Amino acid sequence: MKKFLLLAFLFCCQHLFAQDAIEYQVPPKAIYDLVMARPTPGVSFDSKGQYMLVLERSSMPSVEDLAQPELRIAGLRINPNNFGPSRSSYFTNISIRDIKTGNEFPVSGLPANLKAGNLQWSPNEDKAAFTHTSNNTIDIYVIDVKTRKATKLNKAAVNMVMGAAFDWIDNNSLLYAAVNKPLSMAPKKPLAPKGPVVQQNLGKVAASVTFQDLIKSPFDETQFEFYSTVQLMKNTNGVESRIGDPAIYSSVSVSPDKKYLLVERIDKPFSYLVPAGGFNSTMLITDMSGNTVKQLAKIPSSELAPRGNDNVLNAPRGFNWLDNFPATVQWIEPLDSGLIKNKMDFHDAAYTLAAPFTGSPKELVKTAERMYGITDVNENLFFVTEGSRAKHRTRMSKFGWDGKTETLIDRSTDDAYNDPGSPMTEKNKYGRNVPKLLNGTTLFMRGTGASVKGDLPFLNSFNISTKETKQLWRCEEPYYESVTSVLNYDDLTIITNKQSQDEQPNYFIRNLNNKSSKAITNFPDPQPGLRGISKQKITYKRKDGVDLAADLYLPKGYDPKKDGPLPVIMWAYPREFKSASDAAQIRGSKYTFTRVGYGSIVFWATQGYAIMDNAEIPIVGEGDKQPNDNFVEQLVWSAEAAINKVAEMGVGDSTRVAVGGHSYGAFMTANLLAHTKLFKAGIARSGAYNRTLTPFGFQNEERTYWQAPEVYSRMSPFSYANQIKTPLLMIHGEADNNPGTFPIQSERLYNAIKGHGGTVRFVQLPFESHGYAAKENILHMLWEQDQWLSKYVKLAGTKYVK
């Protein structure tokens, strides 16, 4: 009897050990203080440089906040109590700063328990509007900048289920979507369904990405229709007027002359395979009363779009108003039936149709590659961007009404060193932002300035006639300073954000002509516990000759000669390239001020680890080769090179190294543990580990499982779970909504590793999505990581005491 009781007790202990239900824990104080630090305020400048809105950011919500009612339908996450998104970050206070004097003033009239978002300046920038979200409603408030007073504008509650908040029509009028029916009329779920859920396909090719939170039943359809149907409203100085009949709108935009609306209306039947943004829809032009002026196109569901990086739905797309014309709509149509493999001189064409929209569409331009978009610079000059995701190429050309293009920029999307930046803009006569063109020939280009020295942001001029680039300003070492906006193009007055390893990011006004500079903010260091931690950009080479880099952080006061090599944590996220030389380029800056968010691994520099953050793991496939053809081998080469580098420097102990990552970085981690013995432990957060569950492609892999089964199998760590013996900590949000990273991915890998006797721990965070939000969950995640690293890495070879 005693023997039986002993065996029963041991069985229960083993069971409890395998599934350990614990309460929330917190990490060491140094990490706790850093993650709980008050966030630095956000700012919003008017274009004249007169005023700046200072926006206090919200702290982390609680698990109880995330546990509030939530509908997950049609790819959306809806708060059913207020007709808005269920998960958002907010501003909790707004003040106004006079940039010239530096004086800062509170805004009166703000609602209690402010949860502000979607801030927009009015066209003349005398006002700024924002949404305020409460438990039961979403409202719009308008701040009068001169009186520094906020006033509630709307009477009908705002509906933000489909995402859009509002748009300024003019300085006194806004357009928004209002709740159509009261919450009391929400559909009630029947106790039993009226029948089974049936889906069918009658011979059409409909290969879909593994989206989450989709419509799954007729009741889901009813709920989606109720919560997403809105009444468009025009509000002028607080007076509301209805626009058209209630409907479900994917997008609504006002024409430059304020006389028309360009509307995408969602139609039935709703899809069970794609989110709401891919449902059947109709593109319409209406007048400002909502009367239909022109039906432009019927767009079928995106579930019919062919798979492949450069393939598109065989339907018109990219409808927009041209910015420099009163009311001219522009769109793109495929000439190749949406299939890039079809041999064509031109794959896409853009068309326009001007008010009163009674004529025939006019062809604007055709492109040899897939067209991405059209920008009208002025009435006679346009830019067109085209390219290939599969080839990692992009091209920008200029053209006029004759449609004849001249290439301005043609480069690899992976070539950061030759990225010319993007054009700066100014408001045109319609109040719309268009590229600033000086003397009809010169653009102002802002860019990150990647170089062999790291990122050194710039402001350049680019002559579209001669294609000559001139440097107007560039960040100087040892700073990282980037252009936020241009206040005056004549005397080149700009606003920049400036930081260094020792100086917290703050905003400055610079005059490039007289070389003056003045600080306009003085935000304090939010995380003083990180000061003294050293940072450097290190470079090294892997066995196939590809140059790599990483950000190396070392603890405060660390001396390798006295203290010896440290335990190492390597954190990374693989990225595909079509060129080894592009993959070898230096990215990021060694001059940035060290700040950490909840997901950072740099926290552990305070705990005596050497941190290799942003360790580059390029996956290269040149020419006809695909990057993923030898994915695992390239992972191993990069990891070996990183470990060897810190060991050669004398700062890292090559026998005590952990590897980790989030999402695709988690996928990388599990693969490295399956195929190497390089590491003492791994941390994998919110990953996908079985690629047969994402059979129609993932990341930049456009081949399907049936086209390349050996690639899918080889890249899936689930296939090699029997080889994962290195301790692996797996963390996943219980409500992950990212395509491909279903929580079941972690559940199944955990079971597979456990079934083969591996050392593994699986932590599922309640109510969390792909990224994590709740304070309790984040603190516990950090505690889990700290415990795992201490036991299996820092104290490897010693007796661990929990």
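Worth saying up front: this structure is predicted, and the values here are computed from it rather than measured. (Residues numbered from 1 in each chain as written. Predicted model: local features only at pLDDT ≥ 70, side-chain atom pairs only at ≥ 80, totals over all residues. Heavy atoms only, no water.)

## Quick notes on the overall build of the protein
Basically, it comes down to this: A run of H or I in DSSP becomes a helix once it reaches four residues, and a run of E becomes a strand once it reaches two; helices and strands are each numbered from the N terminus. To get the radius of gyration, use the C-alpha atoms; to get the globule rule, take the number of residues to the power 0.38 and multiply by 2.2 Å. For every residue, the accessible area (1.4 Å probe, protein chains only) is compared with the maximum for its type, and the residue is labelled buried under 20%, exposed over 50%, or partly exposed between those bounds. Note on contacts: a residue pair is in contact if any heavy atoms of the two residues lie within 4.5 Å. Areas reported as accessible are Shrake-Rupley estimates using a 1.4 Å probe. Residue values count occlusion only from the protein chains shown. Counted charges follow a simple rule, with Lys and Arg positive, Asp and Glu negative, and His plus the chain ends left uncounted. Working definition for charges: the position is that of NZ of Lys, CZ of Arg, CG of Asp or CD of Glu.
Scanning the protein from N- to C-terminus turns up eleven helices and 48 strands. For a compact globule of 802 residues, the expected C-alpha radius of gyration is about 28 Å, and the protein comes in at 28 Å, within 12% of that figure. Dimensions of the protein, computed from C-alpha atoms along their principal axes, come out at roughly 90 × 75 × 60 Å. The buried share of the protein, taken over its 802 residues, is 53%. Long-range contacts, defined here as pairs at least 24 residues apart, represent 57% of the contacts in the protein between residues at least 6 apart. For the protein, the accessible surface area stands at approximately 36100 Å², while carbon and sulfur atoms represent 50% of it. Positive and negative charge centroids in the protein, built from 91 and 81 side chains respectively, lie 3 Å apart.

## Side note on helix α4 (residues 218–228)
Given 3.6 residues per turn, any residue in an α-helix points the same way as the ones three and four places further on. Along α4, the positions that sit buried rather than exposed are Phe219, Asp220, Gln223, Phe224, Phe226, Tyr227 and Ser228. Next to the buried residues of α4 lie β3 (71–73), β4 (76–79), β14 (230–236) and β15 (239–247).

## Description of a nonpolar patch on the surface
Using the following cut-off: Within this analysis, patches are made of residues with over 30% relative accessible area and no salt bridge. Like charges are joined at 9 Å or less; nonpolar side chains (Val, Leu, Ile, Met, Phe, Trp, Tyr) at 5 Å or less. The term salt bridge refers to a pairing of a side-chain nitrogen on Lys or Arg with a carboxyl oxygen on Asp or Glu at a separation within 4 Å.
A cluster of nonpolar side chains, Val26, Tyr32 and Met36, forms an exposed patch at the surface whose accessible area comes to about 230 Å². Structurally, the position occupied by Met36 is in the loop between α2 (29–35) and β1 (42–45). For Met36, a relative accessible area of 32% corresponds to the partly exposed category.

## Description of empty space enclosed by the protein
Counted only if it meets this: Both cavities and pockets are sets of points on a 1 Å grid over the protein atoms alone; in a cavity a 1.4 Å probe fits but cannot get out, in a pocket the set is open with protein on both sides within 12 Å along at least five of seven lines, and lining residues sit with an atom within 4 Å of a point. Grid points are joined across faces, edges and corners, and a volume is the space filled by probe spheres set on the points. In the scheme used here, Gly and all other residues not listed as nonpolar or charged are polar, with Ala, Val, Leu, Ile, Met, Phe, Trp, Tyr, Cys and Pro taken as nonpolar and Asp, Glu, Lys and Arg as charged.
Summed over all chains, the structure comprises one cavity of 30 Å³ or more. The space that makes up the largest cavity amounts to roughly 30 Å³. Forming the boundary of the largest cavity are Ser208, Val209, Thr210, Arg307, Thr694, Pro695, Phe696 and Gly697. Looking at the lining of the largest cavity residue by residue, the classes come out as three nonpolar, four polar and one charged.

## Some thoughts on the environment of Thr676
Stated precisely, the cut-off is as follows: Each polar contact in these results corresponds to two N or O atoms within 3.5 Å; when the atoms are within protein, one needs to be able to donate a hydrogen and the other to accept it, and residues that are neighboring in sequence are counted only if both atoms are side-chain atoms.
Inspection of the secondary structure assignment puts Thr676 in the loop between α8 (664–675) and β46 (681–685). Distance in space between the C-alpha atoms of Thr676 and Thr726 is 9.2 Å, their sequence separation being 50 residues. Among the polar contacts made by the side chain of Thr676, one reaches the main-chain carbonyl oxygen of Leu672 at a distance of 2.7 Å. One polar contact links the side chain of Thr676 to the main-chain amide nitrogen of Leu678, over a distance of 3.4 Å.

## Remarks on the pairing of strand β12 (residues 166–170)
Applied cut-off: Any two strands between which DSSP finds at least two bridges are classified as paired.
In this structure, β12 lies alongside strand β13 (residues 173–179), joined through four bridges in antiparallel fashion. In the sheet register, Asp167 faces β13, and the bridge partner there is Leu175.

## Brief notes about the environment of Val434
As for its placement among the helices and strands, Val434 is situated in strand β30 (residues 433–435). By relative accessible area, which is 4% here, Val434 ends up buried. Taking the C-alpha atoms as reference points, Val434 and Arg761, 327 residues apart in sequence, are found 53 Å from one another. Aside from chain neighbours lying at most four places away, what touches Val434 is Asp323, Asn324, Asp376, Val377, Met424, Thr425, Glu426 and Asn428.

## Considerations on the packing of aromatic side chains
Selection rule: Stacked, edge-to-face and tilted labels apply to pairs of Phe, Tyr and Trp rings (six-membered ring for Trp) whose centres lie within 6.5 Å, assigned for plane angles under 30 degrees, over 60, and everything in between, in that order.
Scanning the model with the defined rule gives 29 aromatic pairs in all. Relative to Tyr227, the ring of Phe83 has its centre 5.3 Å away and its plane inclined at 45°; by these criteria the two rings are tilted. A residue pair is termed long-range when its members are at least 10 positions apart, and Phe83 in the loop between β4 and β5 (84–85) and Tyr227 in helix α4 qualify at 144 residues. The same class applies to Phe83 as to Tyr227, namely buried. Ring centres of Phe325 and Trp401 lie 5.8 Å apart, and the angle between their planes is 80°; on these two criteria the pair is classed as edge-to-face.

## What about the sheet that holds β4?
For sheets, the rule is that strands pair by backbone hydrogen bonds, running either parallel or antiparallel. Just so we agree on the cut-off: An axis is simply a line fitted to the C-alpha atoms; with a helix, the fit covers only the stretch in contact. Between two such axes, the angle follows the N-to-C directions and lies from 0 to 180 degrees.
Strand order in the open sheet formed by three strands is β3-β4-β5, with antiparallel pairing between adjacent strands. Strands at the two margins of the open sheet, each flanked by one partner only, are β3 and β5. Relative to β4, β3 is paired through three bridges, and the arrangement is antiparallel. Bridging across to β4, Leu71 finds its partner in Ile78. Where α4 meets the sheet, it contacts β3 and β4, and its direction lies at approximately 110° from that of β3.

## Brief notes about the sheet that holds strand β16 (residues 249–254)
Taken in spatial order, the four strands of this open sheet run β16-β17-β18-β19, and their pairing is antiparallel. Among the strands making up the open sheet, the edge pair consists of β16 and β19 (292–299). With strand direction ignored, the average angle separating the axes of adjacent strands in the sheet is 15°. In this sheet, strand β18 (residues 281–287) lies alongside strand β17 (residues 260–266) in antiparallel orientation, the contact comprising seven bridges. Along β18, the bridge assignment pairs Glu264 with Met283.

## Digging into the pattern of salt bridges
Using the criterion set out here, one finds 36 salt bridges in the structure. Notably, a salt bridge pairs Asp33 with Lys29, separated by 2.5 Å at the nearest N-O pair. Of this pair, Asp33 and Lys29 both sit in helix α2, separated by four residues, roughly a single helical turn. In this structure, the salt-bridge partner of Arg395 is Glu386, at a minimum N-O distance of 3.1 Å. You can call Glu386 buried: its relative accessible area is 5%. Look at the salt bridges and you will find they share partners, linking Arg317, Asp336, Asp348 and Arg370 into a network.

## A few points about the nonpolar core
To keep it simple, the criterion reads: In these notes, a set of buried Ala, Val, Leu, Ile, Met, Phe, Trp, Tyr and Cys residues joined through side-chain atoms within 4.5 Å is what counts as a nonpolar core.
Of all hydrophobic cores here, the largest spans 58 residues; its most connected members are Tyr540, Met570, Met612, Leu672, Phe679 and Leu749. By residue number, the principal contributor to this core is helix α7 (residues 631–648), which donates nine residues. Every residue in contact with Met570, bar those within four places of it in the chain, is listed here: Met612, Ala615, Ala639, Ala642, Ala658, Val659, Gly660, Leu672 and Phe679. Counting 32 residues, the second largest nonpolar core, distinct from the first, contains Ile601, Leu729, Leu779 and Tyr792.

## Things to note about the packing of α7 against α8
So the rule is basically this: These descriptions rest on fixed angle ranges, namely under 35 degrees for roughly parallel, over 145 for roughly antiparallel, 65 to 115 for roughly perpendicular, and the rest for oblique.
Where α7 meets α8, the axes come as close as 10 Å, and the angle between the chain directions of the two elements is 85°. Here α8 runs roughly perpendicular to α7, going by the angle between their axes. From α7, Phe631, Val632, Leu635, Val636 and Ala639 reach across to α8, where they touch Tyr664, Phe667, Met668, Asn671, Leu672 and His675. Within the contact of α7 with α8, the residues separate by chemical class into nine nonpolar, two polar and no charged.

## Observations concerning the confidence of the model for the protein
The condition that has to hold: Confidence scores here are pLDDT values: one per residue, from the predictor, ranging 0 to 100.
Overall, the predicted model of the protein reaches an average pLDDT of 94, with 97% of residues at or above 70. Note that pLDDT drops below 50 for residues 1–17; the model gives that stretch zero contacts with residues more than four away or on any other chain.

## Here we look at the side chain of Thr229
Topologically, Thr229 is positioned in the loop between α4 and β14. Given a relative accessible area of 14%, Thr229 falls into the buried group. At 2.5 Å, the side chain of Thr229 and the backbone oxygen of Glu225 are in polar contact. If we skip the residues at most four places from it in the chain, Thr229 touches Asn159, Asn180, Pro246, Ala247 and Ile248.

## Some remarks on unusual backbone geometry
Geometrically, the link from Ala355 to Pro356 is a cis peptide bond, its omega value of 15° lying close to zero. Along the chain, the position of Pro356 falls in the loop between β22 (348–354) and β23 (362–367). The omega torsion of the bond from Glu477 to Pro478 falls at 5°, within 30 degrees of zero and hence cis. Note that Pro478 resides in the loop between β34 (469–474) and β35 (480–488). Located in the positive-phi region is Lys258, a residue other than glycine, with phi close to 70°. Note that Lys258 resides in the loop between β16 and β17. The residue Ser686 is not glycine, and still its phi comes out positive at about 55°.

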